[in-house]
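Next come the chains, spelled out residue by residue.
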Amino acid sequence: MALPPVECLYVTTDCIRQWKEGNTSFKVPKQVPVLRFLYELCWTVVRGELPFQKCKLALDSAEFLDKSSDEAISSNLADIIAQMCQDLTLPGDYRSRLIRLAKWLVESALVPVRLFQERCEEEFLWESEMIKIKAADLKSKEVRVNTRLLYQQTKFNLLREESEGYAKLVTLLSQGSDASSQVTPTATVGIIKSLIGHFDLDPNRVFDIVLECFELQTHNSIFLDLIPIFPKSHASQILGSKFQYYQRMEVNHTVPFSLYQLTALLVKRDFIDLDSIYVHLLPKDEEAFEQYNAFSSKRLEEANKIGKINLAATGKDLMEEEKTGDVTVDLYAALDIESEAVSAWSSELGNNQTLGLLTGFLSVDDWYHARILFDRLSVLNPAEHTQICDEMFRLIQKSLSPAYELVRKTSGSNTSLPLGSDCDLMETNSLVQNPFIDVPKELFEMLASVGPYLYRNTLLLQKVCRVLKGYYLSAVEFVRAGDRSSTSGNVNPRLHLKEARLRIEEALGSCLLPSLQLVPANPAVGQVIWEVMNLLPYEARYRLYGEWEKDDERTPMILVARQTAKLDTRRILKRLAKENLKQLGRMVAKLAHASPMTVLRTIVNQIEAYRDMIAPVVDAFKYLTQLEYDILEYVVIERLAQSGRDKLKDDGINLSDWLQSLASFWGHLCKKYPSMELRGLFQYLVNQLKRGQGIELVLLQELIQQMANVQYTENMTEEQLDYMSGSDSLRYQATSFGMTRNNKALIKSTNRLRDSLLPKDEPKLAIPLLLLIAQHRSVVVLNADVSYIKMVSEQFDRCHGTLLQYVEFLWSAVTPSTAYAQLIPSLHDLIHLYHLDPEVAFLIYRPVMRLFKSQNSNVFWPLNDNEYTTALADKEIEHIDSSGKLVLDLGHPLKPTAWSDLLATVRTMLPSKAWNSLSPDLYATFWGLTLYDLYVPKNRYQSEIAKQRSSLKALEELSDNSSSAIAKRKKDKEKIQESLDRLTSEFHKHEENVTSVRRRLALEKDKWLSSCPDTLKINMEFLQRCIFPRCTFSMPDAVYCAMFVHTLHSLGTPFFNTVNHIDVLICKTLQPMICCCTEYEVARLGRFLYETLKIAYHWKSDENIYERECGNMPGFAVYYRYPNSQRVTYGQFIKVHWKWSQRITRLLIQCLESTEYMEIRNSLIMLTKISSVFPVTRKSGINIEKRVAKIRSDEREDLKVLATGVAAALAARKPSWVSEEEFGMGYLELKPAATASVAPKPLSEELNIQILGTSLKT
């Protein structure tokens, strides 16, 4: 490389001119740096700009910044000349000037010749005549001298030649192993040095002999004091040569294990560096990895073939495989395959020096360096080798021994924590006064490294689990003790607990759970692992389950176990039946003990496809452990959350078969086994509802139905509705479906379901789930992304049914009522904070309203207070408010709530205009009462009482007088008598309740509507705000609405016109309601219309009945602004009735002839519900029948089915149809056939005016 041109900063043109002129008085203007000045000066001379003879003058004229001696200047000049002469591209004239300059510097004694000889190349020295031999000869001489000085050895340096010195050395080193030897390490070091000096021994050979002896006596610590006297760098080379010797092709034996131990000891003691010895080992990592991956890939292919169907198999082969007979499972298949693979690969451990060195590190307890090799050789799966695995077990045993001793000593006095909960909130004395248990982090690193191979030592696995459990409980107690004392030393207790939890999760995920898959059917191992798992909250457990099988595809052994378990599970499920349930159920359990995740996931997949497997599988699960139950819940949630599966059928309406099967399976399973945990599933449902997804609520329905026997039934018969209006015992008869009331299993399962929703120390999900279901009901119509409105209708009905079922469960399970009242939010919060619809808010809050109690007595609303009745008798009614003294007091910390506060909240629920035609008292009363408060199903009570008495009589007539039969009869009699007494008591209590409620309503009725300024809209507002929201809410509510209207009528409520109410219902609001209701809502509306028409037909049936029940009631006032005005006559009522019948006929025909699917379907459903009371006239029936018959030929199957049912109902009623003349009973003026359907216009208009309440002056 050419020297760059120099920019002269100090050797300027003026200086050069002065020096050329020989001006001795000239001085350089300023001080200059010596090295830079000399370099510029030499470069100026080489370029020929200044004669070299003038250099002396130039040096004398310069004053240097740093005072330099002549020797320093000479050295600098020699360095500059040596640098410049190395430039081979220097032009010839430049190089000749450089040679002359060098000669002149030597001749003028400015630079000694030895400096040039030390620093310049041989060719330059020869050219400048500073050496007397040629450059090539000088180079040869230099090589010979260096060889003689550095590499020539003393004559007697070989072991075979200097026998005496080495013999003494070996004797000395061998004495170190003698226990009786008193030679100290210091004396031994001195003797070795003396031997080296006296016999002129080669130090490297001595070091080699020391290492050889140390290899044979690795337990002798004296060698550790001898090794430091030798250079550390030599140790790596000596050991490397030993390893390389065993790598030769002609050497047939493997590296002795003592050499690995020796190397590991030296690395552990920092005598040598790991990397310095690692480079000498074979095979190289890349080569070993490639070889192992090929071997592992072959094993993986073989494992993946397990359970695959051979498409080329003949029918005979398949029949042989499916041959019936005894079913067996091979629990050791994976272990056998693994043993063969380990045996085939065991020779590699001897040939692989890196794995041998890893074994050496483990044998000398050097986990630090062993972990480095574990990480570096992770591809080779070192723990697979038995020798390495055994050493790991020894280290793990040694690491956990101190902690295990503490756990073993304290295990007898410890009580278990309430497991599976957040330990920060636990309150227990489980480890009080017990020693603090700590575990080194190295133990968790070892467990992570050994991985699934801990299965080879189940005793050690059990010890590890016990230590981890004690470690975690100790950390919990440490937190609690720290909270109490506020001083915990230098360790933060909560950080320590967090670290303990993370470590335990790591140990479970990397070691304990994978090991479980390889332990052949040992439930005890699963139990000890569960005792550790149960310390963690379900979120952490499910995360571990989710990560469990991630790496299975890369581990042939675990893959074989999984594939074998899956194949055996499928074979068992094919033959599982009631007859062989016990035998095959135990086989399933054995498989699940070893591979719970695989087996249970396979079973759940099969259940989703085959619903009839639910019952036998649930029965077979009685042999599972708690860990497997927990995994089963995770598998169910995993299947629910799995993407890519449609949860609705192709029609977009019905639930998919797999989802229905999964829900049914889960309900039956949780009902039968109390060990099932439900919090994870409830949290999943809450999360789904937050996302706006409510399809999975079918699981909640199944759980409530199976565990609490609370069933949502939409299509109730009239008999069932009667039962539902009765007491708890009577209601139970309608929904028990053969179950006894005091069924202990049912009570336990109900309590378990309640406790899962309302745990003591966990987030309580009961109310969030309730509110989310209610909110989802409100938005499902708005957010539904479906093609047809029918799909929206189905989703709404499904969510609404779940809400009704869930609320009923909470009413029955959360006892007493005050506990329920304390649990739910206030009515104000339900409406304004959670934005629930009023009908839903009152559904939730209705039981709380019945806890309002009179301050003067223990009478609860809505029962009548006797003091108020007395005051009424004393004519003090104007000063007493029957509801003003009601207060809800639920105790601390809730404040008492007055009834007036409730009415204030009610007033905020509707627009202010609505209160012009309604009052808060009537609104609250309507929504607070139930069918139980208005109606007593006497026939149902009497029927059930008669049944019980018949059962008693039948028992008394039995003739078997054996002792067992007598005992059984006595027990059955006691049960029947208890049920009979309870029914009788509830019957009388129900009658008293209805009487008391009716008394209160009679006292309050006068103020309900009297103060309303806009009486014209009373019925419209009452229908819109009260009747329609509630009558479409449920079947019992539909009956309740009709009963409430009848109660208002029978009480003679001022300003409530019954005729106008029915007229507005049928003539103004019925058709819009039919068009906008869902399938279930229109069925409930039909039930309400049926009850209303049944009452109306009852009044029309006989004039005496009409006069007795209606003739003198305000509800039949012609001018309903004036309740005391003239009443509607019987003849007028028949005319109005005719109008209603014609109106219903017209609107039904209009809907049946519509092109809108929902109108047709809803009208058919409406006809189904009212067919027993409508149509009445033959003409209307025939007209409707014709439209229905036309729909029976429709392409839509669901409409055809509905139309067929309606046609059958109409045909059954046809004999009871009457002519129009018979219907009119002589009060109707019928026109000829062409206009027969229209009533006389003058009378109709007059009647309409009167019934609609227009002000007429008489």
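Residues numbered from 1 in each chain as written. Predicted model: local features only at pLDDT ≥ 70, side-chain atom pairs only at ≥ 80, totals over all residues. Heavy atoms only, no water.

> Looking at this structure, I do not really get the overall build of the protein. What am I missing?
Scanning the protein from N- to C-terminus turns up 59 helices and 3 strands. Among the 1258 residues that make up the protein, the fraction classed as buried is 52%. A sequence separation of at least 24 residues applies to 76% of the contacts in the protein between residues at least 6 apart. When the accessible area of the protein is evaluated, it comes to approximately 59200 Å², of which 52% is carbon and sulfur surface. (Helix = DSSP H or I, 4+ residues; strand = E, 2+ residues; numbered from the N terminus. Buried < 20%, exposed > 50% of the residue type's maximum accessible area, 1.4 Å probe, protein only. Contact = heavy atoms within 4.5 Å. Areas by Shrake-Rupley, 256 points an atom, 1.4 Å probe, with all protein chains shown as cover.)

> How should a positive patch on the surface be read in this particular structure?
A surface patch of like charges, here positive, comprises Lys582, Arg586, Lys590 and Lys622. Along the chain, lysine 590 turns up in helix α28 (residues 581-594). (Patch = residues over 30% accessible without salt bridge, like charges linked within 9 Å, V, L, I, M, F, W, Y side chains within 5 Å. Salt bridge = Lys/Arg side-chain N within 4 Å of Asp/Glu carboxyl O. Lys, Arg positive; Asp, Glu negative; His and termini not counted. Charge placed at Lys NZ, Arg CZ, Asp CG, Glu CD.)

> Please clarify how the pattern of salt bridges should be interpreted in this entry.
Side chains carrying opposite charge are able to pair once their charged atoms draw close together. Per the counting criterion, the structure on display carries 56 salt bridges. Between glutamate 608 and arginine 645 there is a salt bridge; the shortest N-O distance is 2.7 Å. Taken together, the positions of glutamate 608 in helix α29 (residues 596-609) and arginine 645 in the loop between α31 (626-641) and α32 (657-672) put the pair 37 residues apart, joining distant regions of the chain. Note that lysine 1214 is salt-bridged to glutamate 1185, the shortest N-O span being 3.2 Å.

> Explanation requested: the packing of aromatic side chains in the structure shown.
Each aromatic ring pair is summarised here by two numbers: the centre-to-centre distance and the angle between the ring planes. Evaluated as defined, the whole model comprises 38 aromatic pairs. When the centroid spacing of 5.8 Å and the interplanar angle of 45° are considered together, the rings of tryptophan 367 and phenylalanine 374 count as tilted. On the accessibility criterion, tryptophan 367 (6% relative accessible area) is buried. The buried category is assigned to phenylalanine 374, whose relative accessible area is 5%. Measuring from centroid to centroid gives 5.5 Å for tryptophan 1099 and phenylalanine 1116, while their planes differ by 80°, and the two rings are edge-to-face. Of this pair, tryptophan 1099 sits in helix α52 (residues 1079-1101) while phenylalanine 1116 sits in the loop between α53 (1103-1109) and α54 (1130-1152), and the two are 17 residues apart along the sequence. With a relative accessible area of 1%, tryptophan 1099 lands in the buried category. (Phe/Tyr/Trp six-rings, centres within 6.5 Å; stacked < 30°, edge-to-face > 60°.)

> Sorry, what's going on with helix α9 (residues 163-175) here?
Counted at 1.5 Å a residue, the expected span for α9 with its 13 residues is 18 Å, and the 18 Å between its end C-alpha atoms agrees. In the core, the buried residues of α9 are packed alongside α10 (185-198), α11 (203-216) and α12 (223-226). (Expected span 1.5 Å × (residues − 1).)

> Can you help me understand the nonpolar core in this one?
What tends to happen in soluble globular proteins is that the nonpolar side chains get buried as a cluster. Within the largest apolar cluster, 327 residues are counted, with the highest numbers of intra-cluster contacts made by Ile529, Phe621, Phe665, Trp666, Tyr806 and Phe1022. Not counting residues within four places of it along the chain, the set of residues in contact with tyrosine 806 comprises Leu700, Ile704, Leu757, Leu765, Ala766, Leu769, Leu770 and Ile773. (Core = buried A, V, L, I, M, F, W, Y, C linked by side-chain atoms within 4.5 Å.)

> Explanation requested: the state of the cysteines in the structure shown.
Disulfides are covalent bonds that link the sulfur atoms of two cysteine residues. Counted under the stated rule, the structure contains 0 disulfides. With no disulfide of its own, cysteine 1041 lies closest to cysteine 1031 among cysteine sulfurs, the gap being 5.2 Å. Of the residues examined, cysteine 1041 reaches a relative accessible area of 0% and is grouped as buried. (Disulfide = S-S within 2.5 Å.)

> So what exactly am I meant to see when it comes to the environment of isoleucine 653 here?
Along the polypeptide, isoleucine 653 turns up in the loop between α31 and α32. For isoleucine 653, a relative accessible area of 10% corresponds to the buried category. The spacing of isoleucine 653 and serine 793 is 140 residues in sequence and 8.8 Å in space, taken between C-alpha atoms. Once you skip the residues sitting within four places of it in the chain, isoleucine 653 turns out to touch Leu648, Lys790, Met791, Glu794 and Arg798.

> I'm lost on helix α50 (residues 1035-1051) in this one. Help?
A turn of α-helix holds 3.6 residues, and therefore any two residues three or four places apart point the same way. Here α50 is 17 residues long and its end C-alpha atoms lie 24 Å apart, about the 24 Å a rise of 1.5 Å per residue gives. Counting buried positions along α50 gives 13 out of 17 residues, so the element sits mostly inside the fold. One or two positions beyond α50, positive phi appears at glycine 1052, with a value near 75°.

> Honestly, the packing of helix α37 (residues 744-757) against helix α39 (residues 789-813) in this entry has me stumped. Any pointers?
Geometry of a packed helix pair, given as the angle between the helix axes and the separation of the axes. It is at 11 Å that the axes of α37 and α39 come closest, and there the two elements cross at 105°. When the axes of α37 and α39 are compared, the pair comes out roughly perpendicular. Facing α37, whose interface residues are Thr750, Leu753, Arg754 and Leu757, α39 presents Tyr806, Phe809 and Ala813. Here the residues of the contact of α37 with α39 sort into 5 nonpolar, 1 polar and 1 charged. (Axes fitted to C-alpha atoms, helices over the stretch in contact; angles between N-to-C directions. Parallel < 35°, antiparallel > 145°, perpendicular 65-115°, else oblique. Nonpolar A, V, L, I, M, F, W, Y, C, P; charged D, E, K, R; others polar.)

> Quick question: what am I supposed to make of the sheet that holds strand β3 (residues 897-898) here?
One key point about sheets: their strands pair by backbone hydrogen bonds, in either a parallel or an antiparallel sense. Pairing is antiparallel across the open sheet formed by 3 strands, whose spatial order is β1-β2-β3. Two strands in the sheet have a free side with no partner beyond their single neighbour: β1 (853-854) and β3. Of the pairings in the sheet, the one linking β1 to strand β2 (residues 886-888) comprises 2 bridges and is antiparallel in character. Directly across from lysine 853, in β2, lies its bridge partner valine 887. (Pairing = 2+ DSSP bridges.)

> Would you take a moment to explain the confidence of the model for the protein for this structure?
Caution applies to low-pLDDT regions: their predicted coordinates should not be interpreted in detail. Chain-level pLDDT for the protein is 83 on average; 87% of the residues reach the 70-or-more range. Contacts from residues 415-432, a stretch scored under 50 in pLDDT, to residues over four places away or in other chains number 45 contacts. Below pLDDT 50 for its whole length, residues 1233-1258 participates in 36 contacts with residues either more than four positions away or in separate chains. (pLDDT = per-residue confidence, 0-100.)

> Mind showing me how you'd approach the side chain of serine 996 here?
Relative to the assigned elements, serine 996 resides in helix α48 (residues 963-1008). Only 2.7 Å separates the side chain of serine 996 from the backbone nitrogen of asparagine 864, close enough to count as a polar contact. In this view, serine 996 contacts Pro862, Leu863 and Asn864; residues no more than four positions away in its chain are not counted. (Polar contact = N/O pair within 3.5 Å; in protein donor to acceptor, adjacent residues only side chain to side chain.)

> Can you walk me through the side chain of threonine 1053 in this structure?
Assignment of secondary structure puts threonine 1053 in the loop between α50 and α51 (1058-1076). A relative accessible area of 1% means that threonine 1053 is categorised as buried. Contact partners of threonine 1053, with chain neighbours within four places excluded, come to Lys1005, Trp1008, Leu1009, Leu1048 and Pro1114.

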